[in-house]
Amino acid sequence: MTTASEPRSPAPIPPEVAADLARLPRERLPALLRRMPKAELHIHIEGSLEPELIFDLARRNGVALPYPSVEALRAAYAFTDLQSFLDIYYAGASVLLQEQDFFDMAWAYFEKAAADNVVRAEVFFDPQTHTERGVPFETVIRGLHHACQRAHAELGISAQLILCFLRHLSEEDAFDTLEQALPWRKYFIGVGLDSSEVGYPPEKFARVFARCRELGLQVVAHAGEEGPPAYISSALDVLQVQRIDHGVRCLEDAALVQRLAASRMPLTVCPLSNVKLKVFERMADHNLPALLAAGLCATVHSDDPAYFGGYLNQNFIDTFAALPQLGATEAYTLARNSFEASFADERSKAVWTAELDAVLHTLAPSRAPGPNPTQDRVTP
Ligand code: ADE
Ligand code: ZN
């Protein structure tokens, strides 16, 4: 059995894969990024609610919106920081009332994920955003679970749910939510921690996370998005998380970087989100190349794609376009890291890795023909 503190190394890139990577011309990089199978490990399903669907659901449920049109709502998506986004994100979720609404939202997401060659999705949901408004937990989880099942049956996506506690609410509220969730234990694989970060350190949720670990749930937490590296350390030490969501501020602490790299602790990085929420001013300033160069198990994800300008492939395309240091090897590494970091079984991971290798091989120009033994033979 391995523990988080035990040193671990990444699986080496096989020589034939390395040869394909070396031969892939730069102009085929966008095709590789689009066509690679990948795992989406950091998507808030409420953040996939597009303005058009917000308006449709508002109409269907008789909810009044403070915006006259889809265009006016979209125009309000000019964020200055995480909180300015969260205010509008929670307001958008107010149109979700019936089980069918949760299904429709998640199904719309899975159709987009399939187009991006997502083969595995570990989807966050924020039950407190809904139970606080009087929507029963059961309504939320039934709708989302049904969409996950259909995504697997019709789109071939292996989809699982992760319940997130809102860190601006109390630990008591989180315990209460866990209580409501336990009858639906089979419908979610883990818990996470999201919402406003600064001023709400992981320690606040030590006991509820301990209980979740006892229950055999996977545990992850947002840390080091806007918050300091110390929040990443306490997510590891106190919450004993298996992945850090975001974590980009770890580079401010060299000892922490060493620890994260040695334990292969995944960091689920969301580049478009980081630019929209001003964690980095421009994509060209993003530290993803430095995270990878430091040997960290970084992955790329979409966070709240309806609000941040794109789904998973758009994150890859925009990031690689702005950062010329990133090439085919980094693309391949990010896809491999996404499988390694996922909570899927090892057999599925091996299948997706083989599919990834096959996509790369199709895109790489064939090797120059070697010497032909019959032609080379000297005949008497
Ligand atoms: N909830 C939805 N998106 C989030 C983010 N980027 N950070 C924290 N909480 C969130
Ligand atoms: Zn997030």
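As a reminder, the structure under discussion sits directly above these lines.
Residues numbered from 1 in each chain as written. Chains lettered and ligands numbered in written order. Predicted model: local features only at pLDDT ≥ 70, side-chain atom pairs only at ≥ 80, totals over all residues.

S.K.: Would you explain the overall build of the protein in this entry?
M.R.: Looking only at helices and strands, the protein has 19 helices and 8 strands in total. The globule rule puts the C-alpha radius of gyration for 380 residues at 21 Å, and the 22 Å found for the protein is close to it. Projected onto its principal axes, the C-alpha coordinates of the protein cover approximately 90 × 45 × 40 Å. Burial analysis of the protein (380 residues in total) assigns 43% to the buried set. Nonlocal contacts in the protein, meaning residues at least 24 apart in sequence, comprise 77% of its contacts between residues at least 6 apart. (Helix = DSSP H or I, 4+ residues; strand = E, 2+ residues; numbered from the N terminus. Rg over C-alpha atoms; globule rule 2.2 N^0.38 Å. Buried ≥ 20, exposed ≤ 12 C-beta atoms within 10 Å, placed from the backbone. Contact = placed C-beta atoms within 7 Å.)

S.K.: Help me understand the pairing of strand β3 (residues 158–166) in this model?
M.R.: Two faces belong to every sheet, and in a regular strand the side chains alternate between them. Counting buried positions along β3 yields 7 of 9 residues, so the element is predominantly enclosed. Judged from the 6 bridges that link them, strand β2 (residues 118–125) and β3 form a sheet pairing that is parallel. Looking at the pairing, E122 lines up with Q160 of β3. Judged from the 5 bridges that link them, β3 and strand β4 (residues 190–194) form a sheet pairing that is parallel. Bridging from a neighbouring strand, I162 pairs with G190 of β4. Handedness of the β3-helix α9 (residues 171–181)-β4 crossover: right-handed. (Pairing = 2+ DSSP bridges. Right-handed = clockwise from strand over helix to strand, strands pointing away.)

S.K.: Explanation requested: α9 in the structure shown.
M.R.: Where α9 is concerned, the buried positions are A174, T177 and A181. All buried residues of α9 lie within an arc of 60° about the axis, which places them on one face of the element. Facing away from the buried surface of α9 by more than 90 degrees, the exposed residues are E172 and E179. Buried residues in α9 make contact with α7 (127–131), α8 (137–155), β3 and α10 (206–214). (Arc of directions from axis to C-beta.)

S.K.: Where do I start with the environment of A254 in this structure?
M.R.: Among the structural elements, A254 can be located in helix α12 (residues 254–262). Residue A254 is classed as exposed on the basis of its C-beta count, with 11 C-beta atoms lying within 10 Å. A C-alpha to C-alpha distance of 9.9 Å links A254 and A294, two positions 40 residues apart in sequence.

S.K.: Sorry, what's going on with the sheet that holds strand β5 (residues 218–223) here?
M.R.: By definition, the strands of a sheet pair up through backbone hydrogen bonds, in either a parallel or an antiparallel sense. Strand order across the open sheet formed by 8 strands is β1-β2-β3-β4-β5-β6-β7-β8, with parallel pairing between neighbours. Each edge of the open sheet carries a strand with a single partner, namely β1 (38–44) and β8 (297–300). Pairs of neighbouring strands in the sheet enclose a mean axial angle of 25°, with direction left out of account. Against the sheet, helix α11 (residues 229–237) contacts β5 and β6 (243–246), and its axis sits at roughly 170° relative to β5. Each of β1, β2 and β8 touches helix α16 (residues 312–322); the most contacted strand, β8, lies at about 115° to it. (Axes fitted to C-alpha atoms, helices over the stretch in contact; angles between N-to-C directions.)

S.K.: Looking at this structure, how should I read the environment of G190?
M.R.: Tracing the backbone through its elements, the reader meets G190 in strand β4. Between the C-alpha atoms of G190 and R59, which are 131 residues apart in sequence, the distance is 33 Å. Setting aside its immediate chain neighbours within four residues, G190 contacts I162, L217, Q218, V219, V220 and F343.

S.K.: I'm lost on the environment of F165 in this one. Help?
M.R.: Within the fold, F165 resides in strand β3. Judged by the 26 C-beta atoms lying within 10 Å of it, F165 is buried. As a C-alpha pair, F165 and F320 span 155 residues in sequence and 32 Å in three-dimensional space. With near-sequence residues (within four places) excluded, F165 lies in contact with A174, T177, V191, L193, F205 and V208.

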